[in-house]
Amino acid sequence: MSVGETPITVVGNLASDPELRFTPSGAALVKFSVASTPRSYEKTSGQWQDGTAMFLRCTAWRDLAQHIAESLTKGMRVVVTGRLRQHNWQTPEGENRSMLGLEVDDIGPSLRFATAKVERVQRNGNGSGPAADAWNTGAPAAGGWGTPAPAASGDAKYSEEPPF
């Protein structure tokens with residue numbers, strides 16, 4: 001991240017299915033909107049009140065774009081992190097306009113009210129060595145960081161001993 005950028009995390013629902021496109025050079029990009037509505041509890045009525053919904057247009061690139069298009073659909077609750085970007089333009093009538101958008105660095109389904117099954121994908125030759133091999137194959141990396149914890153004694157599913 002560069003100096004002066006505005007990092008942000010947004011929790012909300014996808015307002016539409018992600019739209020996957022490709023640039024003329026072949027780079028994947030996906031665009032989607034996240035709707036986030038604040039809620040507050042009103043003691044006098046004993047009910048939750050919805051605030052004004054915010055719709056934020058999001059853009060992601062390359063592998064992340066393809067993973068989003070394959071994994072997420074309209075209505076899913078997501079947690080999105082990225083950087084705010086301001087887009088300025090002029091209408092044909094000469095009026096100046098601007099809009100804030102989110103350049104996505106990472107995204108995932110919110111697990112507050114749902115479950116998810118994560119599936120690793122093969123990386124396209126990025127990195128090399130034991131750590132990259134472990135990432136690509138799911139095998140533990142050499143050096144102890146990726147080694148499994150010792151098995152628990154008896155029928156217990158987890159060991160009482162810390163893994164370090």
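Residues numbered from 1 in each chain as written. Predicted model: local features only at pLDDT ≥ 70, side-chain atom pairs only at ≥ 80, totals over all residues. Heavy atoms only, no water.

## Topic: the confidence of the model for the protein chain
Segments scoring low in pLDDT should not have their predicted coordinates read at a detailed level. A residue-level look at the protein chain finds 74% of positions with pLDDT of 70 or above and a mean pLDDT of 81. Throughout residues 126-159 the model reports pLDDT below 50, and contacts reaching past four residues in sequence, or to other chains, amount to 24 contacts. (pLDDT = per-residue confidence, 0-100. Contact = heavy atoms within 4.5 Å.)

## Quick look at the layout of surface pockets
Here the largest pocket defines a volume of roughly 1100 Å³. Looking at the largest pocket, it is lined by 35 residues, and the ones nearest its centre are H67, I68, S71, I107 and E119. Those elements that provide at least two residues to the lining of the largest pocket are α1 (62-71), β7 (77-90) and β8 (96-109). Residues belonging to the lining of the largest pocket are distributed by class as follows: 14 nonpolar, nine polar and 12 charged. Quantified by volume, the second largest pocket comes out at close to 160 Å³. Sorting elements by how many residues they give to the lining of the second largest pocket places strand β1 (residues 6-14) first, with three residues. Class assignment of the residues belonging to the lining of the second largest pocket gives a composition of two nonpolar, four polar and three charged. (1 Å grid on protein atoms, 1.4 Å probe; cavity = no way out; pocket = protein on both sides within 12 Å on 5 of 7 lines; lining within 4 Å. Points joined across faces, edges and corners; volume = space filled by probe spheres on them. Helix = DSSP H or I, 4+ residues; strand = E, 2+ residues; numbered from the N terminus. Nonpolar A, V, L, I, M, F, W, Y, C, P; charged D, E, K, R; others polar.)

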